[in-house]
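Survey of secondary and tertiary structure
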Amino acid sequence: MIEPTVLLRELILKSVSLKQSYEKNSAECRFFSVLFDEIGHAQRLNLIVPMPTDPRLQLLVEQLIANPADKTSHGEWAARLALSERNFSRIIMQQLGMTLGRWRHQLHITIAIPRIRSGETIQKVAHDLGYENASSFISMFKSIMHNPPNRFVTITRNRKHP
């Protein structure tokens, strides 16, 4: 996933109205060359929510997906899975490639984007995801997506996928 700049977004919108076949060195050829350059230079966003293969962690992520507002601590999860916190952290990193906190944040963002796009308020989405207030959700969202939720949704509103 990439974060489109204003220029890239406008280029993509314009590209829809252009012919898909064009002659070499034509205006369309130069246009698509600029578009592809912009895509190549766009900032990539790491918004992957990996799924573990370890059965113990599969149970954990299934529960977090079913209840994204779950505030069970790292230590509590380790105890539930009969693991030391250190071993639990090691397995999480091996299986997910990130900390459990980062994984939860990415899960929350993937849940939030379509809901915000559909018109739900950030306040409601934040509450449903277990945040004490919208500000804490916005801060987390911005730290990962480089824009607050409303801005991100506005920039990407014409795209099919978050």
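Structure's up top.
Heads up: these notes are all about the structure in this document. Keep in mind that what you see is a predicted model, and the values were worked out from it rather than measured.

1. Here we look at helix α3 (residues 55-66)
Residues lying three or four places apart along an α-helix face the same way, a consequence of the helix completing one turn every 3.6 residues. Between its terminal C-alpha atoms α3 stretches 16 Å, which fits the 16 Å expected from twelve residues at 1.5 Å a residue. Among all positions of α3, only L57, L60, V61 and L64 are buried. Along the axis of α3, the buried positions cluster into a sector of 90 degrees, meaning they face one direction only. Facing away from the buried surface of α3 by more than 90 degrees, the exposed residues are P55, E62 and A66. Where α3 is buried, its residues meet α4 (74-80), α5 (85-96) and α6 (100-117). Taking the backbone nitrogen of R56 as reference, a side-chain oxygen 2.7 Å away marks D54 as the first, capping residue of α3.

2. With respect to the packing of aromatic side chains
Inspection of every chain in the model, using the stated rule, returns six aromatic pairs. Considering the side-chain rings of Y22 and F32, the 5.2 Å spacing of their centres and the 10 degrees angle between planes classify their relative orientation as stacked. Taken together, the residues span a long stretch of sequence, with Y22 in the loop between α1 (6-15) and α2 (27-41) and F32 in helix α2 at a distance of ten residues. Using a relative accessible area of 34% as the deciding quantity, one classes Y22 as partly exposed. Aromatic side chains Y131 and F137 sit 5.4 Å apart centroid to centroid with 70 degrees between the ring planes, which places their arrangement in the edge-to-face category. A network of ring pairs unites the aromatic residues Y22, F31, F32 and F36 as a single cluster. The cationic tip of R80 hangs over the ring face of W77; the distance from NZ or CZ to the ring centre is 4.7 Å.

The rules we used
- Residues numbered from 1 in each chain as written.
- Predicted model: local features only at pLDDT ≥ 70, side-chain atom pairs only at ≥ 80, totals over all residues.
- Heavy atoms only, no water.
- Helix = DSSP H or I, 4+ residues; strand = E, 2+ residues; numbered from the N terminus.
- Expected span 1.5 Å × (residues − 1).
- Buried < 20%, exposed > 50% of the residue type's maximum accessible area, 1.4 Å probe, protein only.
- Arc of directions from axis to C-beta.
- Contact = heavy atoms within 4.5 Å.
- Polar contact = N/O pair within 3.5 Å; in protein donor to acceptor, adjacent residues only side chain to side chain.
- Phe/Tyr/Trp six-rings, centres within 6.5 Å; stacked < 30°, edge-to-face > 60°.
- Lys NZ or Arg CZ within 6 Å of the ring centre and 35° of its normal.

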